[in-house]
Amino acid sequence: MLERVDIRTIASSYGETVTLQGWLYNKRSSGKLHFLQLRDGTGVIQCVVFKGDVEEDVFEAAGHLTQESAIRVTGEVRKDERSPLGFEIGVSALEVMHQAEPYPITPKEHGTAFLMDHRHLWLRSSRQHTILTIRSTIVAACRDYYDTNGFTLIDAPIFTPNACEGTTTLFATDYFGEDAYLTQSGQLYVEAGAMAFGKVYCFGPTFRAEKSKTRRHLTEFWMVEPEVAYMDLDGDMDLAEDFISFIVERVLNRHRADLEALERDVEALERTQKPFPRISYTEAVDLLKEKGVDHPWGEDFGGDEETVLAASFDRPVIVHHYPAACKAFYMKADPADSRVALCMDVLAPEGYGEIVGGGQREDDLEELRRKIAEHDLDEEPFNWYLDLRRYGSVPHAGFGLGIERTVAWICGLRHVRETIPFPRMLQRLTP
RNA sequence: UCCGGCGUAGCUCAGUCGGCAGAGCAGGUGGCUGUUAACCACCGUGUCGCAGGUUCGAGUCCUGCCGCCGGAGCCA
């Protein structure tokens, strides 16, 4: 394969004649000149076709190119102050690989419903391209963080025989005549992994059949879930803030220009430094009261409460020790006050809501059985999970971080639907 | 499930008091040697979401339904 020249690194080919392969992003003409904006997936560069420089049929063909036509362009890389890149291509040859049909996404405005119907094409637009590039960096940062900190990747299954938490709605499927559900969390399985490997994480898609219609919800989303044996709630909070600040720092280092292109307030992101403020649920209720929001102790926070709490701090805030009644059965109760659980949520600033939820797990066999019963769950499917408390049970903790909400927060997007290549939502299964 | 909003050309939208359905973009043809969502001239485009109703006459008013968007609940 010939050495490939990317637009992203075109500066290193200054003065040379190169061949670029890509698609026509836009075109402007001026008599004996055609200005072709060429997109190759790494960037966009202007290619200038002058009538005197190329064969007549090539000049003619360039004038008839439609948006997103596939072309291979050969020409000299030259400096030009008028170019945003600082470089442009003086075209000497042009090969039309495919003359595109009229392209639906024009250089004018479109509504989100139309764009989502054409998501497979919308991915080519510069803004979507930037967002998904940052998502790619965030996903890599998650893996790098755990891989370099002694964690082993133990992925959880997607098909599960029962509800992990029993609280949210699951997608049911037919598994050779048996009921199976798409996982809503790898939680229970990474606990088994932690007892085998010490420090583990899983990273995969999760599914929630909730009829949520908000900017923060997808029915299919990605979650990274670390789980550590011999770790308590404090250790869990330390891990979460270290992990989140690592991701943000990585994005700031590699994507400053991209964040600015997205009109993200970079200074607000730069404040994401450890330590994060930590307040208990009870303190949060008091804080809400101070801010004029009356919230009864014992009820979980809604989106509005989370927004008020998050707005009180300049970086992510950790809220811990929620009432046990509004948390999952596997959360360990606080030995000092059984009304609250050893759990924590991380709320992102600027109204992005909960990006992390986790805590210390119940490690006592009888306590756990009692909680399963309290939550009206059938004990039998959890027998393997109870085994973890029969054979060398130890304190352990972990959490789940939602990738799409994290991407939305870091990129400063209004809606999570633009943070994933092909979003699955209440009213969206295609493309 | 509940509350609110919107459905008119391929797309984004306008359409006044109920009186011939219209702009920009995209597409086509032509023009221009430096364009930056280029520009200029000309050309084509309709189940006005669907079904009823009122009226001489409905895109416009009324009723029902459908679809989508935003929010709530629930959650990451």
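Residues numbered from 1 in each chain as written. Chains lettered and ligands numbered in written order. Predicted model: local features only at pLDDT ≥ 70, side-chain atom pairs only at ≥ 80, totals over all residues. Heavy atoms only, no water.

## A closer look at the nonpolar core
To keep it simple, the criterion reads: For the purposes of this section, nonpolar cores are sets of buried Ala, Val, Leu, Ile, Met, Phe, Trp, Tyr and Cys residues that join through side-chain atoms within 4.5 Å. Three labels apply to residues, based on accessible area from a 1.4 Å probe with only protein chains included: buried if under 20% of the type maximum, exposed if over 50%, partly exposed otherwise in between. In DSSP terms, a helix is any run of H or I states spanning at least four residues, a strand is any run of E spanning at least two, and both are numbered starting from the N terminus. Contacts are assigned to residue pairs with any non-hydrogen atoms lying within 4.5 Å of each other.
Of all hydrophobic cores here, the largest spans 52 residues; its most connected members are Val224, Phe243, Ile244, Met344, Phe399, Trp409 and Ile410. Ranked by the residues each element gives to this core, the list is headed by helix 6 (residues 233-261), at eleven residues. Setting aside its immediate chain neighbours within four residues, Met344 contacts Leu233, Asp236, Met237, Ala240, Ile318, Val319, His320, Val356, Gly357, Gly358, Gly359 and Phe399. Core analysis: the next-biggest nonpolar cluster, separate from the first, contains 28 residues, Val285, Val317, Val319 and Leu377 among them.

## Focus: the packing of aromatic side chains
Cut-off, in case you're wondering: Between the rings of Phe, Tyr and Trp (Trp by its six-membered ring), a pair exists once the centres lie within 6.5 Å; its type follows the angle of the planes, with under 30 degrees stacked, over 60 edge-to-face, and the other angles tilted. Only lysine NZ and arginine CZ atoms are considered, and such an atom sits over a ring when it is within 6 Å of the ring centre and within 35 degrees of the ring normal.
Inspection of the entire model under this criterion finds 20 aromatic pairs. Their ring planes at 70° and their centres at 4.8 Å tell us that Tyr146 and Phe151 sit as a pair that is edge-to-face. Both residues of the pair, Tyr146 and Phe151, count as buried. Ring geometry for Trp384 and Tyr385: centres 5.9 Å apart, planes at 70°, overall edge-to-face. Of the aromatic side chains, those joined through ring pairs into one cluster are Tyr145, Tyr146, Phe151, Tyr201, Phe243, Phe246 and Phe399. Between Lys327 and the ring centre of Tyr322, over which it is positioned, the NZ or CZ distance is 4.3 Å. Stacked on the ring of Tyr385, the Lys or Arg Arg389 has its end atom at 4.3 Å from the ring centre.

## Some thoughts on the packing of helix 4 (residues 126-147) against helix 6
Worth spelling out the cut-off: For helices, the fitted line uses only the C-alpha atoms of the stretch in contact; every axis is such a line through C-alpha atoms, and the angle between N-to-C directions lies from 0 to 180 degrees. Working rule for handedness: look at the near helix, and if it is turned counterclockwise from the far one by less than a right angle, call the crossing left-handed; if clockwise, right-handed. Each residue gets one of three labels, nonpolar for Ala, Val, Leu, Ile, Met, Phe, Trp, Tyr, Cys and Pro, charged for Asp, Glu, Lys and Arg, and polar for the others, Gly among them.
Taken N-terminus to C-terminus, the directions of helix 4 and helix 6 make an angle of 145°; their axes are 9 Å apart at the nearest point. Crossing of helix 4 over helix 6 shows right-handed handedness. Of helix 6, the residues touching helix 4 (which contributes Thr130, Thr133, Ile134, Thr137, Ile138, Ala140, Ala141, Cys142, Asp144, Tyr145 and Tyr146) are Leu239, Asp242, Phe243, Phe246, Ile247, Arg250, Val251, His255, Asp258 and Leu259. When the residues that make up the contact of helix 4 with helix 6 are grouped by side-chain class, the tally is 13 nonpolar, four polar and four charged.

## Remarks on the domain arrangement of chain A
Just so we agree on the cut-off: Reported domain spans reflect what an automatic or database domain assignment gives. Note on definitions: buried area is the accessible-area loss of two parts on being combined, 1.4 Å probe, summed for both. What makes a salt bridge here is a side-chain nitrogen of Lys or Arg within 4 Å of a carboxyl oxygen of Asp or Glu, nothing more. Whenever two N or O atoms come within 3.5 Å, that pair is a polar contact, provided that in protein one can donate a hydrogen and the other can accept it, and provided that, for residues adjacent in sequence, both atoms are side-chain atoms.
For chain A, the assigned domains read domain 1 (3-98) and domain 2 (119-418). Taking the mean C-alpha position of each, domain 1 and domain 2 sit 46 Å from one another. Of the residues lining the interface, five residues belong to domain 1; the matching set on domain 2 comes to four residues. Between domain 1 and domain 2 the total buried area reaches about 360 Å² when both faces are included, carbon and sulfur atoms providing 41% of it. Summed over the shared surface of domain 1 and domain 2, the result is one salt bridge. In this structure, the salt-bridge partner of Arg124 is Glu68, at a minimum N-O distance of 2.9 Å. Counting across the interface, domain 1 meets domain 2 through three residue pairs in polar contact (both at pLDDT 80 or more).

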